[in-house]
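This is what each chain is made of:
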Amino acid sequence: MAPTRVLTGITTSGTPHLGNYAGAIRPAILSSQDSGTEAFYFLADYHALIKAQDPALVQRSTLEIAAAWLACGLDPSKVWFYRQSDIPEIPELTWFLTCSTGKGMLNRAHAYKAAVDVNRDRGEDDDDGVTAGLFMYPVLMAADILIFDANKVPVGRDQIQHIEMARDIALRFNHNYDGSYFVLPEVVIDEQVATLPGLDGRKMSKSYNNTIPLFASSKELQKLIAGIVTDSRLPGEPKDIDGNSIYELYAAFASADDAAAFAASLQGGLGWGDAKKQLFELIDRVVSPMRQKYESLIANPSEIEAILLDNAARLREKFTMPKMRELRSAVGIRSLDARPVEAAADDVPVRVLPVIKQYREKDGRFYFKLTQGDAVLLQSIAFADPKAAGEWVSRIRTGGIDMDTLGPVVEPVADAPSVEAALDVLAAAQREKDAQG
Ligand code: TRP
């Protein structure tokens, strides 16, 4: 059975933090070790441009996120690990999909609607400060997914709507071009995956500015943990476990047994200062070997660059270039030689077979032509000798004649296919006749 393709992207507009690790990096690396799946993990740097227009930040974030994944154990020879912008077929597909996407559907995207709501509350124009990039975000994301025919897309809850839109867009394209060009992706929400609280107790997120960088130095880590907001219960007083940020962070990095023991000490009155110290020691122990790897990767960006370029080159060869060739042809962006072949095949009912006729014109000379219904596929030059024309006709009928040989004796016909295409039509008809006996 073909492996299930699992694909997800990481927007490169920030520094990887503990929430990214527990919520995305760690589960993705674990699941990439399943046999039976083919994983695609990529750096969504085109998406980053929607949020961040600081070139140094985009570059730095791309480096940091790539280094983080590798330092956390991602094996780029076992999964596809690449950078979105290294695959030019993705923006090309984005445009094809754009033309099959209802604007009304994009009007309903949560991220866009949220921006409009903020503007309305402020009494501004609906689209004030909204770029077309933000509006088109779901289409670019659909291209990321559809170009690889991904089956499963593990994401956070905030991304569910985008996967639904990718399905809608795929269906619309399949319908418009009357084929099944894309696999319909399914969203995967892992209930087991931890959502970590940030420094202020809300979900750890770059947009809340409450994150703990995954690769902060030990000293910084200790300082940040010491600053996590807690209630004011004193040492000796029992602490609640529900909604307890220190406990939740601890549990995300500890075994179930250790987490249970930590919960028991908190309920038994462990002071916040001691609890934070234990939390720091735990996280530092988990992160420290990865931190060393991370630092050496960051110091050596050309190693990462080479990995990304190698993956992209192989992916393009294997997936995206052939896929786009198919799609370009499907939408009618194709060689002008090729168009009429299919037009002849599509537009003329199949029952109308091509025929070669030899005839004499009023000018007294002899000609032959290949027609199919009303369409003239090939038109010969004039022959003074009917036998010469007849010989060409029989050579064509018996097949095996190529366009170079035929070229000098045929004339261009307006709206007709190339000689090669005309011969293909004839050969196909011949094969059909042979098959029917
Ligand atoms: N929008 C996703 C996020 O911000 C990142 C992303 C871009 C993505 N393209 C994707 C995720 C394709 C899954 C599939 O989290």
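Draft legend 1. Region of interest: the site of the ligand. Taken together, 14 residues form the shell around the ligand, and within it Gly 9, Thr 11, Tyr 137, Asp 144 and Gln 159 come nearest. The separation between an oxygen atom of the ligand and a polar side-chain atom of Thr 11 is 3.3 Å. The separation between a nitrogen atom of the ligand and a polar side-chain atom of Asp 144 is 2.7 Å. Relative to its free-state accessible area of 360 Å², the ligand is covered by the protein chains to the extent of 89%. Taken together, the elements giving at least two residues each to the shell around the ligand come down to β1 (4–11), β2 (37–44) and α7 (132–146).

Draft legend 2. Structural view of the domain arrangement of the chain. On domain assignment, one finds that the chain holds domain 1 (4–194 + 300–327), domain 2 (215–298) and domain 3 (346–436). Using only C-alpha atoms to locate each centre, domain 1 and domain 2 end up separated by 32 Å. Counting from both sides, the interface comprises 16 residues of domain 1 and, opposite them, eleven residues of domain 2. Each partner contributes to the roughly 1,200 Å² buried at the junction of domain 1 and domain 2, and carbon and sulfur atoms together form 70% of this total. For the interface between domain 1 and domain 2, the tally reads four residue pairs in polar contact (both at pLDDT 80 or more). At the level of secondary structure, the elements contributing two or more residues to the side of domain 1 that touches domain 2 comprise α1 (18–32), α3 (55–71) and α13 (301–331). With seven residues, the single largest contributor to the side of domain 1 that touches domain 2 is α3. Of the residues that constitute the side of domain 1 that touches domain 2, the class distribution is eleven nonpolar, one polar and four charged.

Draft legend 3. Examining the nonpolar core more closely. By size, the foremost hydrophobic cluster in this structure holds 57 residues, and its most contacted members are Trp 69, Phe 81, Leu 214 and Phe 215. For this core, the secondary-structure elements that each account for two or more residues are α1, β2, α3, α9 (218–226), α10 (245–253), α11 (256–267), α12 (272–298) and α13. Sort the elements by how many residues they give to this core and α12 lands first, with eleven residues. Counting contributing residues per domain, this core is built from domain 1 (4–194 + 300–327) and domain 2 (215–298), each supplying no fewer than three. Setting aside residues no more than four positions away along its own chain, Phe 215 makes contact with Ala 68, Ala 71, Cys 72, Val 287, Met 290, Arg 291 and Tyr 294. Core analysis: the next-biggest nonpolar cluster, separate from the first, contains 44 residues, Leu 140, Ala 170, Tyr 181 and Leu 315 among them.

Draft legend 4. Structural view of the side chain of Glu 64. With respect to the helices, strands and loops of the structure, Glu 64 is situated in helix α3. A polar side-chain atom of Glu 64 sits 2.8 Å from a polar atom in the side chain of Arg 60. Setting aside chain neighbours within four positions, we find Glu 64 in contact with Gly 14, Thr 15, Pro 16, Tyr 294 and Ile 298.

Analysis parameters
- Sequence positions are assigned chain by chain, starting from 1 and proceeding in written order.
- With the structure being a predicted model, the display of local features is reserved for residues of pLDDT at least 70 and the display and counting of side-chain atom pairs for 80 or more, all residues being used for whole-chain, interface and lining totals.
- Derived side-chain values reflect all non-hydrogen atoms in the structure, with water molecules and hydrogen atoms excluded from consideration.
- Near residues are defined by distance, with any heavy atom within 4 Å of the molecule or strand qualifying the residue.
- Here a polar contact is taken to be a pair of N or O atoms separated by no more than 3.5 Å, where protein atoms must pair a possible hydrogen donor with a possible acceptor and residues adjacent in sequence count only if both atoms sit in side chains.
- Each accessible area is a Shrake-Rupley result for a 1.4 Å probe, and residues are judged covered by the shown protein chains and nothing else.
- Elements are defined by DSSP. Helices are runs of H or I of four residues or more, strands are runs of E of two residues or more, and each kind is numbered from the N terminus.
- For every domain, the bounds stem from an assignment made automatically or drawn from a database.
- Contacts: residue pairs with any heavy atoms within 4.5 Å of one another.
- Once two parts are brought into contact, the accessible area they lose, counted with a 1.4 Å probe and summed over both, makes up the buried area.
- Here the nonpolar group is Ala, Val, Leu, Ile, Met, Phe, Trp, Tyr, Cys and Pro; Asp, Glu, Lys and Arg are the charged ones; every other residue, Gly included, is treated as polar.
- We call a set of buried Ala, Val, Leu, Ile, Met, Phe, Trp, Tyr and Cys residues a nonpolar core when their side-chain atoms join them within 4.5 Å.
- Working definition: with a 1.4 Å probe on protein chains only, accessible area under 20% of the residue-type maximum means buried, over 50% means exposed, and in between means partly exposed.

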